[in-house]
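# Analysis of the macromolecular model
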Amino acid sequence: MLELHNVVRHFGGIKAVDGIDLTVQSGEIVGLIGPNGSGKSTIVNLIAGLYRPTSGRVVYLQEDITELAPHERTSRGIARTFQNIRLFSALSVWQNLWAARVVRESGWAGLRQRWFAPESKGREQAEAMLEFCGLQHKRDMLAGNLAFGEQRRLELARAAISGAPLLLLDEPAAGMNAEEIDDLDQRIRTLRAQGRTILLIEHHMELVMGVSDRVVVLNFGRKIAQGMPHEVQQDPQVQAAYLGADEDDELAQLALQA
Ligand code: ADP
Ligand code: MG
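Description of the structure in this document. As the structure is a computational prediction, the values presented were derived from the model and not from experiment.

### Re the coordination of the magnesium ion (ligand 2)
Protein coordination at the magnesium ion (ligand 2) comes from S41 (OG) and Q83 (OE1), with a distance range of 2.1 to 2.2 Å. Taken as a pair, S41 in helix α1 (residues 40-48) and Q83 in the loop between β6 (78-81) and α3 (93-114) lie far apart in primary sequence, 42 residues in all. With a relative accessible area of 32%, Q83 lands in the partly exposed category.

Below you can see the structure in the form of structure tokens.
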């Protein structure tokens, strides 16, 4: 479904992404992990179109999308959440969902046209996603006034609206407590059961190792390991990357399982 071919992205002298090949099959959940600064968010931005690669190609559904603008990728069904939540904080929960659906299908011009006359199809989809994120009782609350975990849930629902087939989730569990993470785990599984394909960037090991079919590990913009979650957890290179030293295998093992 998604292929990155030798993708490179430099920022000045920083090689944020340094020649990545990555394939995500339809229906798969692929975990993308790595220490801070290893290039994970840059990869999300390269797939979503916020950044263009210095070199390399991004292919989605057999089509080269390397040069497409972000909104063109959105309309082809690539949706994402942000490491730092980005909602319309001055709009209500329901308006955030409804607006996302209109923008996805008709662009920003469509949103301007329909703001005062929301049509029924958009309403139904917004209602369905309101239920998905469990915020029916807060539908009219301003998104900016939601609790942190609720904002993350709303952002996930907003990304998933209109049946977007490919979801890029950038650290969706960041800042969540254990209960909220369990809840997120269930929602990710629900999305998979709907046939979504997910690239999950996550630091929370139990979540990413539990829910991913396959895990890819980055360090300094390069892929250092990939495989089934249990294979990756055993990999000495991965353990070393997480602790920056390879003597403390036992400790690294713990860090990866925590
Ligand atoms: P991760 O998400 O794995 O923590 P990032 O992809 O955010 O890592 O960052 C990878 C590297 O690229 C870091 O060294 C970061 O400082 C750098 N970087 C990311 N985005 C930019 C940018 N817009 N301008 C300059 N440097 C950037
Ligand atoms: Mg990041």
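So, next bit.
### A word on the environment of N96
Its location among the elements puts N96 in helix α3. Along the chain, N96 and A157 lie 61 residues apart, while their C-alpha atoms are 9.6 Å from each other. In this view, N96 contacts L87, F88, L91, A143, L154 and R158; residues no more than four positions away in its chain are not counted.

### Looking at the nonpolar core
Ranked by internal contacts, the top residues of the largest apolar core, which has 47 residues, are I33, L97, L154, L167, I188 and I198. It is α3 that contributes the most residues to this core, seven residues altogether. Beyond its immediate chain neighbours, meaning those up to four positions away, L97 contacts A126, M129, L130, L154, A157, R158 and I161. Formed by 26 residues, the second largest nonpolar core is a distinct cluster that contains L2, L22, V44 and I78.

### A few points about the side chain of E202
Looking at the secondary structure, you find E202 in the loop between β8 (197-201) and α7 (205-211). One buried charged residue, E202, remains without a salt bridge, the closest side chain of opposite sign being R152 at 7.4 Å. In terms of polar contacts, E202 uses its side chain to reach the backbone amide nitrogen of A173, at 3.0 Å. Here H204 takes part through its backbone nitrogen, which lies 3.0 Å from a polar atom of the side chain of E202. Among residues more than four places away in sequence, those in contact with E202 are L32, I33, E171, P172, A173, A174, L207 and V208.

### Description of the packing of aromatic side chains
According to the stated counting rule, one finds two aromatic pairs in the structure shown. Arranged with centres 5.2 Å apart and planes meeting at 75°, the rings of F11 and Y51 form a pair that is edge-to-face. Taken together, the residues F11 in strand β1 (residues 2-11) and Y51 in the loop between α1 and β4 (55-60) connect sequence positions 40 residues apart. The partly exposed category is assigned to F11, whose relative accessible area is 29%. Accessibility expressed as a relative area gives 28% for Y51, which makes it partly exposed. Over the aromatic face of Y51 sits the side chain of R9, whose NZ or CZ is 5.2 Å from the ring centroid.

What counts and what doesn't
Residues numbered from 1 in each chain as written. Chains lettered and ligands numbered in written order. Predicted model: local features only at pLDDT ≥ 70, side-chain atom pairs only at ≥ 80, totals over all residues. Heavy atoms only, no water. Donors = N, O, S within 2.8 Å, 3.2 Å for Na, K, Ca; no water. Helix = DSSP H or I, 4+ residues; strand = E, 2+ residues; numbered from the N terminus. Buried < 20%, exposed > 50% of the residue type's maximum accessible area, 1.4 Å probe, protein only. Contact = heavy atoms within 4.5 Å. Core = buried A, V, L, I, M, F, W, Y, C linked by side-chain atoms within 4.5 Å. Lys, Arg positive; Asp, Glu negative; His and termini not counted. Salt bridge = Lys/Arg side-chain N within 4 Å of Asp/Glu carboxyl O. Polar contact = N/O pair within 3.5 Å; in protein donor to acceptor, adjacent residues only side chain to side chain. Phe/Tyr/Trp six-rings, centres within 6.5 Å; stacked < 30°, edge-to-face > 60°. Lys NZ or Arg CZ within 6 Å of the ring centre and 35° of its normal.

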